[in-house]
Amino acid sequence: MTAKLTRRTALGLALAAPAILRSSRAYAAKELRVMAWQGYADDDWIKEFQELTGASAKVVFVGTDDEIWAKIKGSEGKDFDVFAVNTAQLRRYIDGGLTTPHDLAKLPNQKDVLPRFRDLAAVKGVMRDGKAHAIPFCFDAIGIIYDKDKVNPPPDSFEAFWDEKYKGKILAYDNGEHNFSFTALTLGIADPFHLSAEDMAKIKDKLAAMKRNVLSFYTTPDEALQLYKSNDVALIWANYGQQQVKAMKDAGANIEYVNPKEGALAWLDTWALTSGVQDVDLAEAWVNFLLQKKIGQQLSERTGFGNTVVETGSAGANDKLVWLDFVEDPTKRSDLWNEIKAQP
Amino acid sequence: MIFAGSARSGPAPRLLAVFAYGLPLIFIGAPLLSFLAYSVFTMADGQIVAGFSLSNYQRFFTGAIFLPVLWQTCLLCLAVAALATAIGFPVAFLLAQMKGRRRYFLLLMVLVPLLMSYIIKIYAIRSILGGNGFLNRFLLWTGVIGEPLTLFVFNLNAVLLTLTVLLIPFAILPIFLSLERIPSSYIEASSDLGASNLQTFARIVLPLSLPGIVTAATFVFVLAIGDFLTPQMVGGQNGFTFGRIVYSQFGTAFNWPFGAALAVILAVVVIAVIALGGRLERRHA
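Note that the structure is a prediction, hence the values are computed from the model and not measured. (Residues numbered from 1 in each chain as written. Chains lettered and ligands numbered in written order. Predicted model: local features only at pLDDT ≥ 70, side-chain atom pairs only at ≥ 80, totals over all residues.)

A.B. asks: Before we move on, can you summarise the overall build of chain B with the specific residues and values?
C.D. replies: Along chain B, the regular secondary structure elements total twelve helices and two strands. Reading chain B from its N terminus to its C terminus gives the helix and strand order α-β-β-α-α-α-α-α-α-α-α-α-α-α. Taking the principal axes of its C-alpha atoms as reference, chain B extends roughly 75 × 75 × 30 Å. Looking at chain B residue by residue over its 285 residues, the buried ones come to 32%. Sequence-distant contacts, at least 24 apart, represent 69% of the contacts inside chain B between residues at least 6 apart. (Helix = DSSP H or I, 4+ residues; strand = E, 2+ residues; numbered from the N terminus. Buried ≥ 20, exposed ≤ 12 C-beta atoms within 10 Å, placed from the backbone. Contact = placed C-beta atoms within 7 Å.)

As structure tokens, then:
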């Protein structure tokens, strides 16, 4: 069909041209807004993903669970399409209507993940009303990092944090929620995530005692490393697990990691779509892309974390792991933690 | 309104007035008002409930930690203000004594740290203060001490020291300006009349620079009391200040209304201090 170029069609083309240009620009400008932890969206992966989809991926990295909550809740899910969140935190996002369930048909790679992550109904917290609100991606345990020169034999229990021997040589983590949970495990309380008022009072006293043994409370792994370098530090409550271990070893620290006998709290990070997701297909393509064996392998090599597709040695076969859960009252724990910190 | 005199007629002054009053209203007034509004809201099941309630303020006055921590924070910041002013005064005095280009060059040098990122400065100070930080290693090396000092390692002393170091430039500037404004004829007259240097300093220079000193102390106090990062970074297990509590309400606790109420209380303290400073200044001006 050859169209004779008349003045009229030429005019038509001239008028249509900006519209055509606009639409192709709109496609090229397709953008995925990702919120992730460092290590979950490396530059080479982003580059490959962008080449595959023709979209651009804009990643905002976060440093704490609270930051994710503040950003997602603060914008009612509108500022991001897909975000990394752990299963403990996930519930309040689902409760708050801040997530969109996944379409598993768009995630073929999820069929080939490790057995324990394959049946999503068996993974605590990711399903709601038969719908998967999050896809497991990465996990790790929160045990103890110890300096091999200063702690011998290696610690096997969280009680080491209360040991007078290490007074002023301990780095703890600045977060009431986790501190109450691990102290509950230390005290032998069966469910560390749902504490009675009585248990809380007991734990508060115990934590106040730990505070007096602590050099400082840190919030980021870099901060802990810097504190370790310029101080006499023997024990670190390793909130960032293997990531922290790797960074410290890379920096030449003579340290080792151990999961204590009481059981280490362990987190499981997932990918969830926000309620404000603009392009579901693109967001699912991102998640499916990251569930490749190659990416899982690289993720573990680079961060030391366990991934959901390839077996790794993130935790020993006999190590007891206690999967983190939403706690009974985070505000209460935060308030009590403030009270502990305010004590002289 | 610096151009008001040159363009007395036409729409320009009015436009300028709109900007002069409008911008502060939008960028200062409105956020403060929203804080005030949030502070009377409440939380229920993780959601912010709009409505009028004074329960947040009630909690501030009845809670076990809030008033004591605020009081300790005020004392800490008073100490920071006193230290920064005490250290800033001689520096400003020396600068004001200098002549010509050199004095403005050195003044600029004093202000250079303000161009650096605040967090980088804290990090730097932290590696100086640590148990085997620069200071301790230096003192050990010189043989002044036998084993590392813990005096400035992650406690309130460290917060005091760090805040002082960070805020000294804010103390130097107003003092320098007030010293510079003292006419040299006063000082000449004083010595002509037989006063010693010390007498001239005590009877002429110091009283005339008092407004600058008060401004400096007010500046430093206000900046220190709003700081929540320094106590976290160098305060260790004891560095808990009011700013930390406010901060935690917006993060961990996700209790914005209570955080807003605490911020309003902090604002009241700050406004009171500024008002007091202003009054003192007027009395000495």
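A.B. asks: Requested: an account of helix α11 (residues 293–303) of chain A, with residues and values cited.
C.D. replies: Residues and elements named next belong to chain A. Listed as buried for α11 are I295, G296, L299, S300 and T303. For α11, the angular spread of buried residues about the axis comes to 130°, placing them on one side. Relative to its buried face, α11 has exposed residues pointing more than 90 degrees away, namely K294 and R302. Where α11 is buried, its residues contact α2 (43–53), β7 (135–142), α9 (241–250), α10 (280–290) and β14 (306–307). Trailing α11 by a residue or two, G304 shows a phi angle of about 85°, which is positive. (Arc of directions from axis to C-beta.)

A.B. asks: Outline the pairing of strand β10 (residues 214–218) of chain A, listing residues and values.
C.D. replies: Successive residues of a regular strand alternate their side chains across the two faces of the sheet. Residue and element names in this part refer to chain A. For β10, the tally of buried residues reaches five of five residues, placing the bulk of the element in the interior. Taken together, the four bridges between strand β9 (residues 170–173) and β10 define a ladder with parallel strand orientation. Counted as the bridge partner of L171 is S216 from β10. (Pairing = 2+ DSSP bridges.)

A.B. asks: Report on the sheet that holds strand β11 (residues 235–237) of chain A, specifying residues and quantitative values.
C.D. replies: Residues and elements named next belong to chain A. In space, the five strands of this open sheet follow the order β10-β9-β11-β8-β12, with mixed pairing throughout. Among the strands making up the open sheet, the edge pair consists of β10 and β12 (255–258). Averaged over all neighbouring strand pairs, the angle between strand axes comes to 20°, with direction disregarded. Bridge count between strand β8 (residues 144–147) and β12: four bridges; the pairing is antiparallel. (Axes fitted to C-alpha atoms, helices over the stretch in contact; angles between N-to-C directions.)

A.B. asks: I'd like a rundown of the interface of chain B and chain A, residues and numbers included.
C.D. replies: Across the contact, 24 residues belong to chain B and 23 residues belong to chain A. Secondary structure elements with two or more residues in the side of chain B that touches chain A: α5 (118–129) and α11 (242–250) of chain B. Its residues assigned to classes, the side of chain B that touches chain A comprises eleven nonpolar, twelve polar and one charged. (Nonpolar A, V, L, I, M, F, W, Y, C, P; charged D, E, K, R; others polar.)

A.B. asks: With reference to specific residues and values, describe the packing of α5 of chain B against helix α7 (residues 156–180) of chain B.
C.D. replies: All names here are of chain B. Closest axis-to-axis distance for the α5/α7 pair is 11 Å, and the angle between their directions is 135°. In this view, α5 runs oblique relative to α7, as classed from their interaxial angle. When the axes of α5 and α7 are compared, the crossing they make is right-handed. Facing α5, whose interface residues are K121, I122, I125 and L129, α7 presents A158, T162, V165 and L166. For the contact of α5 with α7, the per-class residue count stands at six nonpolar, one polar and one charged. (Parallel < 35°, antiparallel > 145°, perpendicular 65-115°, else oblique. Left-handed = near helix turned anticlockwise from the far one by under 90°.)

A.B. asks: Tell me about the packing of α2 of chain A against α10 of chain A, residues and numbers included.
C.D. replies: Residue and element names in this part refer to chain A. Contact geometry for α2 and α10: axes closest at 11 Å, N-to-C directions at 130°. Taken together, the axes of α2 and α10 are oblique relative to one another. α10 is crossed by α2, and the crossing has right-handed handedness. Across from F49, L52 and T53 in α2, the residues of α10 making contact are L282, A285, W286 and F289.

A.B. asks: Describe unusual backbone geometry, listing the residues and the values that go with them.
C.D. replies: Residue and element names in this part refer to chain A. Here the bond from N152 into P153 is cis, since omega is 0°, no more than 30 degrees from zero. In this structure, P153 sits in the loop between β8 and β9. Here E76, not a glycine, exhibits a phi torsion of approximately 50°, which is positive. You can see E76 is positioned in the loop between α3 (65–74) and β3 (82–86).

A.B. asks: Talk me through the nonpolar core; I want residue IDs and the actual numbers.
C.D. replies: Core analysis: the biggest nonpolar cluster contains 140 residues, and V82, L171 and L235 of chain A together with V80, L167, A171 and V220 of chain B have the highest contact counts within it. Setting aside anything within four residues of it in sequence, one finds V80 of chain B in contact with L160, L163, T164, L167, V220 and A224 of chain B. A342 of chain A together with V69, A261 and L262 of chain B belong to the second largest nonpolar core, which has 13 residues in total. (Core = buried A, V, L, I, M, F, W, Y, C linked by C-beta atoms within 7 Å.)

A.B. asks: Which residues make up the confidence of the model for chain B, and what are the values?
C.D. replies: Residue and element names in this part refer to chain B. Of all residues in chain B, 95% attain a pLDDT of 70 or more, and the chain-wide mean is 87. Here strand β2 (residues 47–49) stands out as the element of chain B with the lowest mean pLDDT, 84, in contrast to helix α3 (residues 66–97), whose mean of 94 is the highest. Note on residues 1–7: pLDDT is under 50 here. Beyond four places in sequence and across chains, it has seven contacts. This complex was scored by the predictor with a pTM of 0.71 and an ipTM of 0.73. (pLDDT = per-residue confidence, 0-100.)

A.B. asks: Give a detailed account of the environment of V110 of chain B, specifying residues and quantitative values.
C.D. replies: Residues and elements named next belong to chain B. Inspection of the secondary structure assignment puts V110 in helix α4 (residues 100–111). As a C-alpha pair, V110 and L156 span 46 residues in sequence and 26 Å in three-dimensional space. Contacts of V110, omitting those with residues within four sequence positions, involve V91, P169 and I172.

A.B. asks: So what about the confidence of the model for chain A? Which residues, and what values?
C.D. replies: Residues and elements named next belong to chain A. Averaged over all residues, the pLDDT of chain A is 87; the fraction at 70 or higher stands at 90%. Per-residue pLDDT, averaged within each element of chain A, yields its smallest value for helix α1 (residues 7–28) (43) and its largest for β11 (97). Note on residues 1–27: pLDDT is under 50 here. Beyond four places in sequence and across chains, it has three contacts.

A.B. asks: Mind laying out helix α7 (residues 197–211) of chain A, listing which residues take part and the relevant values?
C.D. replies: All names here are of chain A. For α7, with 15 residues, the first-to-last C-alpha span of 21 Å sits near the 21 Å given by 1.5 Å per residue. Buried residues of α7: I203, L207 and M210, and no others. Down the axis of α7, the buried set is contained in an arc of 50°. They therefore lie on one face. Residues of α7 that are exposed and point over 90 degrees away from its buried face: A197, E198, A201 and D205. (Expected span 1.5 Å × (residues − 1).)

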